[in-house]
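The chain contents come next:
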Amino acid sequence: SRSTLIKYIEDLNNLAIEEDFELAISLDNDLLSLSMGNEVTKEDLIQLLLPFSVKNRILNALYLKEEYTVQKLYQNLFISEATLHRQLASLNTLLKEFGMSIKNGRLRGEEHQIRYFYYHLFWLTIPKKEMAEKFELAQFKSMIDAIKQAWANDMSTTNEFKLALWFSITKKRIGLKKKKFKTLNQLM
């Protein structure tokens, strides 16, 4: 509704003011406009809004822990059960593209797709400075050095980060009990 839209615009403008972020959204009749400072990047905007995304918080919770009860999940996220079910339905629609879904408090799908999904999610949403600490990427330095030596080729810092992120996700998920490799096994 228009009143909800106006409330969201006010909330976003207030958030930008609180965070000293060069952003302003205005609504004039049916024309919605966004103005940002010259130094504001897409990544900056994502970092401003991401902490408020219930879908992102659900995905991060499921990354950190293999399985949740619905009750535990909505309590940990500080949302109502109805909100959780709405967000899960919407999220499942989006995850369908990746051959994934969330059912019974668990992320389901082919393991390689889940890892690939999280790789892209984290690469696109976490600043590189924070990524190194959050995923303890330094622990993979010797592996990356060995790969560079075996290939007799150098690697850019960005590619080293990407490879270390992939290793970190793989390390996190390798111990999970309920992994599905049906499609990958058929391809092999």
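Reading guide: rules and limits
- Residues numbered from 1 in each chain as written.
- Predicted model: local features only at pLDDT ≥ 70, side-chain atom pairs only at ≥ 80, totals over all residues.
- Heavy atoms only, no water.
- Pairing = 2+ DSSP bridges.
- Helix = DSSP H or I, 4+ residues; strand = E, 2+ residues; numbered from the N terminus.
- Salt bridge = Lys/Arg side-chain N within 4 Å of Asp/Glu carboxyl O.
- Buried < 20%, exposed > 50% of the residue type's maximum accessible area, 1.4 Å probe, protein only.
- Phe/Tyr/Trp six-rings, centres within 6.5 Å; stacked < 30°, edge-to-face > 60°.
- Lys NZ or Arg CZ within 6 Å of the ring centre and 35° of its normal.

(A) Seen up close, the pairing of strand 2 (residues 31–36). Sheet analysis places strand 1 (residues 23–28) next to strand 2, joined by six bridges and oriented antiparallel. Looking at the pairing, aspartate 28 lines up with leucine 31 of strand 2. Between strand 1 and strand 2, which pair antiparallel one after the other, the connecting turn spans two residues, and asparagine 29 there sits at a positive phi close to 55°.

(B) Main features of the pattern of salt bridges. Scanning the model with the defined rule gives eight salt bridges in all. The salt bridge involving aspartate 145 is made with lysine 141; its shortest N-O contact spans 3.3 Å. Residue aspartate 145 and its partner lysine 141 are located together in helix 8 (residues 141–151), separated by four residues, close to a single helical turn. Overall, aspartate 145 belongs to the partly exposed group, its relative accessible area being 30%. With its nearest N and O atoms 2.7 Å apart, the salt bridge here joins lysine 148 to glutamate 160. Note that lysine 148 is positioned in helix 8 and glutamate 160 in helix 9 (residues 157–174), a separation of twelve residues in sequence. Of the residues examined, glutamate 160 reaches a relative accessible area of 18% and is grouped as buried. When salt bridges that share partners are traced, they join Lys141, Asp145, Lys148, Asp154 and Glu160 into one network.

(C) Quick look at unusual backbone geometry. In this structure, asparagine 104 is a non-glycine residue whose phi angle is positive, near 50°. Relative to the helices and strands, asparagine 104 resides in the loop between strand 3 (101–103) and strand 4 (106–108). Residue classification places asparagine 104 among the exposed residues on the basis of a relative accessible area of 63%. The backbone of glutamate 136 sits at a positive phi, close to 50°, despite the residue not being glycine. Checked against the element boundaries, glutamate 136 lands in the loop between helix 7 (128–134) and helix 8.

(D) Layout of the packing of aromatic side chains. In total, this model carries nine aromatic pairs according to the counting rule given. Summarising the aromatic geometry, the rings of tyrosine 63 and tyrosine 118 are spaced 5.0 Å apart at their centres and angled 55° between planes, so their arrangement reads as tilted. Here tyrosine 63 is found in helix 3 (residues 54–64), whereas its partner tyrosine 118 is found in helix 6 (residues 111–125), with 55 residues between them in sequence. We classify tyrosine 63 as buried; its relative accessible area is 8%. You can call tyrosine 118 buried: its relative accessible area is 0%. Considering the side-chain rings of phenylalanine 98 and phenylalanine 117, the 5.0 Å spacing of their centres and the 70° angle between planes classify their relative orientation as edge-to-face. On the criterion of sequence distance, the pair formed by phenylalanine 98 in the loop between helix 5 (81–95) and strand 3 and phenylalanine 117 in helix 6 is long-range, its members being 19 residues apart. Since its relative accessible area comes to 27%, phenylalanine 98 is described here as partly exposed. One aromatic cluster is present, built from ring pairs that chain together Tyr63, Phe98, Phe117, Tyr118, Phe122 and Phe135. It is lysine 128 that lies over the ring of tryptophan 123; its NZ or CZ is 4.3 Å from the centre.

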